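Structural overview for review
Chain by chain, the residues run as shown.
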Amino acid sequence: MAKSYKNGGIEVITGPMFAGKTEELLRRVRRLQFAKKNIVVFKPALDDRYALNEVVSHDKSRTKSVNIVSPSEIFTHIDEHTDVVAIDEIQFLTEDVLEVVEFMVNHGILVIVSGLDTDFRGEPFTFMPKLLAKAENVLKLSAVCVKCGAPATKTQRIVDGKPAKYHDPIVLIGASESYEARCRSCHKVYYKPKLKLELPW
Ligand code: ADP
Ligand code: MG
Ligand code: ZN
């Protein structure tokens, strides 16, 4: 391994949907391309919203990517010359991606990832808290609440025109639901279990 282990590190770009996570990932990738770094961009194969073999933001900026189903596939697309690995929508991969990320970082690769910090209920998205805890650098972006214009930190799932239910599955690929960026007070989830808490004044 010719590369210094010191080059490695984890950068996480997080926040709700529409926050500009993919745009920020692409911005960092473009800067590193100017710096002549060897970069490979990955995304989970299930996310085919806009294009195959491309990472595309909601604003339609894009870059070539490798679609993967299993995190270990990353190893068949990188080599000793790889400086940077970028992964968009990392929350859709399985948790063993954490080990793959750690291995790459320990071998001097800079790993830049973007992913949702919370699911549609506002709960931590599967393994994302672990990734955020392990990261050298975290950027938490907000979107704009479609209801009131405040900074949106949450992703609202709408099913048949109504807010989703707390016990619905986290990932509903291909279902006829839609998502909106919302602030804390406009974010709604039906049947969310609550403790009976009261203010003491
Ligand atoms: P993410 O990857 O976080 O889902 P993208 O980088 O793909 O976000 O897209 C961000 C872009 O989405 C913004 O620059 C803007 O053009 C567009 N957009 C659409 N709806 C919203 C919203 N409610 N708040 C902010 N940006 C939005
Ligand atoms: Mg995105
Ligand atoms: Zn709001």
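Keep in mind that what you see is a predicted model, and the values were worked out from it rather than measured.

Here we take up the coordination of the zinc ion (ligand 3). All of the protein donors around the zinc ion (ligand 3) are Cys145 (SG), Cys148 (SG), Cys183 (SG) and Cys186 (SG); their distances to the metal are 2.3 to 2.4 Å. Geometry at the zinc ion (ligand 3) is tetrahedral, judged from the four donor atoms that bind it and their angles of 102 to 117° at the metal. Within one chain, the residues donating to the zinc ion (ligand 3) are spaced in sequence as C-x2-C-x34-C-x2-C. With a gap of 41 residues between them, Cys145 in the loop between strand E9 (143–144) and strand E10 (151–152) and Cys186 in the segment after strand E13 (177–182) connect regions that are remote in the sequence. On the accessibility criterion, Cys186 (16% relative accessible area) is buried.

Okay, the site of ligand 1 next. Neighbouring ligand 1 are 15 residues, the closest being Lys21, Thr22, Glu23, His58 and Val144. In the environment of ligand 1, an oxygen atom lies 3.1 Å from a nitrogen or oxygen atom belonging to the backbone of Ala19. In the model, a nitrogen atom of ligand 1 is placed 2.9 Å from a nitrogen or oxygen of the Val144 main chain. For ligand 1, the protein covers 75% of the area, taking 580 Å² as the surface of the free molecule. Elements that contribute at least two residues to the shell around ligand 1 include exactly helix H1 (21–34) and E9. For the shell around ligand 1, the leading source of residues is H1, giving three residues.

A separate point is the pattern of salt bridges. Charged atoms that come close allow side chains of opposite charge to pair. Enumeration over the complete set of coordinates arrives at 10 salt bridges. Between Arg28 and Glu24 there is a salt bridge, with its nearest N and O atoms 2.7 Å apart. Here Arg28 and its partner Glu24 are both found in helix H1, four residues apart, which amounts to about one turn of the helix. With relative accessibility at 12%, the residue Arg28 sits in the buried group. Glu180 serves as the salt-bridge partner of Arg182, at 2.9 Å between the closest nitrogen and oxygen.

Core analysis: the biggest nonpolar cluster contains 27 residues, and Ile87 and Ile90 have the highest contact counts within it. Mapped by element, the contributors of at least two residues to this core are strand E1 (9–15), strand E2 (39–44), strand E6 (84–87), helix H2 (97–106), strand E7 (110–116) and helix H3 (128–134). Counting residues per element, this core draws most heavily on H2, which supplies six residues. The next biggest cluster of nonpolar side chains, apart from the first, holds 19 residues, and it includes Leu26, Leu32, Val41 and Ile112.

Now for the sheet that holds E13. An order of E12-E11-E13 is seen for the three strands of this open sheet, with the pairing classed as antiparallel. Among the strands making up the open sheet, the edge pair consists of strand E12 (162–163) and E13. Relative to E12, strand E11 (residues 154–159) runs antiparallel, the two being bridged by two bridges. Paired with Val159 across the two strands is Lys162, which belongs to E12.

What counts and what doesn't
Residues numbered from 1 in each chain as written. Chains lettered and ligands numbered in written order. Predicted model: local features only at pLDDT ≥ 70, side-chain atom pairs only at ≥ 80, totals over all residues. Heavy atoms only, no water. Donors = N, O, S within 2.8 Å, 3.2 Å for Na, K, Ca; no water. Tetrahedral: all angles 85-135°; square planar, octahedral: opposite > 155°, others 65-115°. Helix = DSSP H or I, 4+ residues; strand = E, 2+ residues; numbered from the N terminus. Buried < 20%, exposed > 50% of the residue type's maximum accessible area, 1.4 Å probe, protein only. Near = heavy atom within 4 Å. Polar contact = N/O pair within 3.5 Å; in protein donor to acceptor, adjacent residues only side chain to side chain. Areas by Shrake-Rupley, 256 points an atom, 1.4 Å probe, with all protein chains shown as cover. Salt bridge = Lys/Arg side-chain N within 4 Å of Asp/Glu carboxyl O. Core = buried A, V, L, I, M, F, W, Y, C linked by side-chain atoms within 4.5 Å. Pairing = 2+ DSSP bridges.

In short, the description is geometric, and any link to function would need to be established separately.
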